[in-house]
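These are the residues of each chain, in order.
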Amino acid sequence: MPQHGRGHVWIPWEWGYAVRMPLQIASRWFNFERLADGVTRIWEPHVIRVMQCNIWHVHGRTRDLLIDTGLGVASLSEAAADIFGKALTAVATHTHVDHVGSLHEFADRIVHADEAHKLTSASENFSMMRDDHSVEFIAGLERAGYEVDPCFLTAVPHADFNLQQLSCPPAPATRLVREGDVIDLGDRVFEVLHLPGHSPGSLGLWEAKTGILFSGDAIYDGPLLDELPDSDIPAYISTMRRLENLRARIVHAGHDPSFDGSRLRQLAREYLMRRA
Ligand SMILES: [Zn+2]
């Protein structure tokens, strides 16, 4: 078992002895990048790629939108207080641990009806140590193409952070959405697309006026995960057929860099070639 220490972690090595791996205490936990269209990308640089979710802030006239909330190891509402100036609606593209960690910090919470039950109680403990997870879980991530380091963090948010105890408080939705529902920010309107496959209640947010799609983990420019316990490959195939025909200008995804409409079609086709 890895031993928790102040800013350090003991990693068991394969020949039976442990290596003391220093983990720095991060001076700040979140990074921010302002993009076009009133969109800001927020991310956690000290989280390994497979768990590093993109958090999106979208500026609206009467209300702002926050799409996903990261791992929840540090307070997102405090870190981003200066950009969260007014009414804010937080949307979970789905309920995997790397997307809903700070959801409880926000009063107005939207999730797809098919995953609402996952948010009504505290999440199960999720360790940041690879060895605390099942061999099947790690092998699935590696098969998909990810490198999974011994520790999922490359720094800790504070000295007393416990790498093996991460559980998020309940964050029950205040509004449930389904396909075709609309989220209105005053001067801009996002339509809910139900995009199941990665998870049953995966959703995308589509702004027809600008051609912006926030896609969550339904599609991103990296190894897609369709063999998680709640994944469904036939549903994913239908989702990819739909995404292949969406006239998007830009896709801001749940992981990895944003991409344009032609890359969206290419990624969807690659998936369909592999699975359909
Ligand atoms: Zn996910």
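I will try to describe carefully the structure that is included in this document. Quantities reported herein were computed from a predicted structural model and do not represent experimental measurements.

Comments concerning the coordination of the zinc ion
Now for step 1: Protein-derived coordination of the zinc ion comes from His94 (NE2), His96 (ND1), His198 (NE2) and Asp217 (OD), at a distance range of 2.2 to 2.4 Å.
Now for step 2: For the zinc ion, the 4 donor atoms in the first shell make angles of 86 to 175° at the metal, a pattern classed as irregular.
Now for step 3: Coordination of the zinc ion draws on donor residues from a single chain, spaced H-x1-H-x101-H-x18-D in sequence. Linking His94 in the loop between β8 (88-91) and α2 (97-100) with His198 in the loop between β13 (189-194) and β14 (203-207), this pair joins segments that are 104 residues apart in sequence. Across this residue pair, the class does not change: His94 and His198 are buried.

Observations concerning the pattern of salt bridges
Now for step 1: Counted under the stated rule, the structure contains 13 salt bridges.
Now for step 2: For Lys118, the salt bridge goes to Asp230, with nearest N and O atoms at 3.7 Å. Here Lys118, found in the loop between β9 (109-112) and α3 (135-144), pairs with Asp230, found in the loop between β15 (212-216) and α4 (233-244); they are 112 residues apart in sequence, far enough to count as distant.
Now for step 3: Given the relative accessible area of 39%, Lys118 is considered partly exposed.
Now for step 4: Taking the relative accessible area as the measure of exposure, Asp230 reaches 19% and is therefore buried.
Now for step 5: Glu227 is the salt-bridge partner of Arg275, the closest N and O atoms lying 4.0 Å from each other. Remark: Glu227 occurs in the loop between β15 and α4 and Arg275 occurs in helix α5 (residues 261-275); sequence separation between them is 48 residues.

Things to note about α4
Now for step 1: For α4, with 12 residues, the first-to-last C-alpha span of 16 Å sits near the 16 Å given by 1.5 Å per residue.
Now for step 2: Taken as a whole, α4 has its buried residues at Ala235, Tyr236, Ile237, Thr239, Met240, Leu243 and Glu244.
Now for step 3: Each element contacted by the buried residues of α4 is listed here: β15 and α5.
Now for step 4: Measuring from the backbone nitrogen of Ala235 back to the side-chain oxygen at the start of α4 gives 3.1 Å, which picks out Asp232 as the cap.

Digging into the packing of α4 against α5
Now for step 1: As a packed pair, α4 and α5 sit with axes 9 Å apart at the nearest point and diverge in direction by 145°. Between α4 and α5 lies a crossing of left-handed hand. Across from Ile233, Tyr236, Ile237, Met240, Arg241, Leu243 and Glu244 in α4, the residues of α5 making contact are Leu264, Arg265, Ala268, Arg269, Tyr271, Leu272 and Arg275.
Now for step 2: Among the residues forming the contact of α4 with α5, the class breakdown is 9 nonpolar, no polar and 5 charged.

Concerning the nonpolar core
Now for step 1: Core analysis: the biggest nonpolar cluster contains 68 residues, and Leu76, Phe84, Met128, Leu153, Leu163 and Met240 have the highest contact counts within it.
Now for step 2: Listing elements by their share of this core, those giving two or more residues are β8, α3, β10 (155-156), α4, β16 (250-253) and α5.
Now for step 3: Top contributing element to this core by residue count: α5, with 5 residues.
Now for step 4: By size, the runner-up hydrophobic cluster in this structure holds 16 residues, among which are Val39, Leu185, Phe190 and Ile212.

Analysis parameters
Residues numbered from 1 in each chain as written. Predicted model: local features only at pLDDT ≥ 70, side-chain atom pairs only at ≥ 80, totals over all residues. Heavy atoms only, no water. Donors = N, O, S within 2.8 Å, 3.2 Å for Na, K, Ca; no water. Tetrahedral: all angles 85-135°; square planar, octahedral: opposite > 155°, others 65-115°. Helix = DSSP H or I, 4+ residues; strand = E, 2+ residues; numbered from the N terminus. Buried < 20%, exposed > 50% of the residue type's maximum accessible area, 1.4 Å probe, protein only. Salt bridge = Lys/Arg side-chain N within 4 Å of Asp/Glu carboxyl O. Expected span 1.5 Å × (residues − 1). Contact = heavy atoms within 4.5 Å. Polar contact = N/O pair within 3.5 Å; in protein donor to acceptor, adjacent residues only side chain to side chain. Axes fitted to C-alpha atoms, helices over the stretch in contact; angles between N-to-C directions. Left-handed = near helix turned anticlockwise from the far one by under 90°. Nonpolar A, V, L, I, M, F, W, Y, C, P; charged D, E, K, R; others polar. Core = buried A, V, L, I, M, F, W, Y, C linked by side-chain atoms within 4.5 Å.

Any functional reading would require information that these geometric values do not contain.
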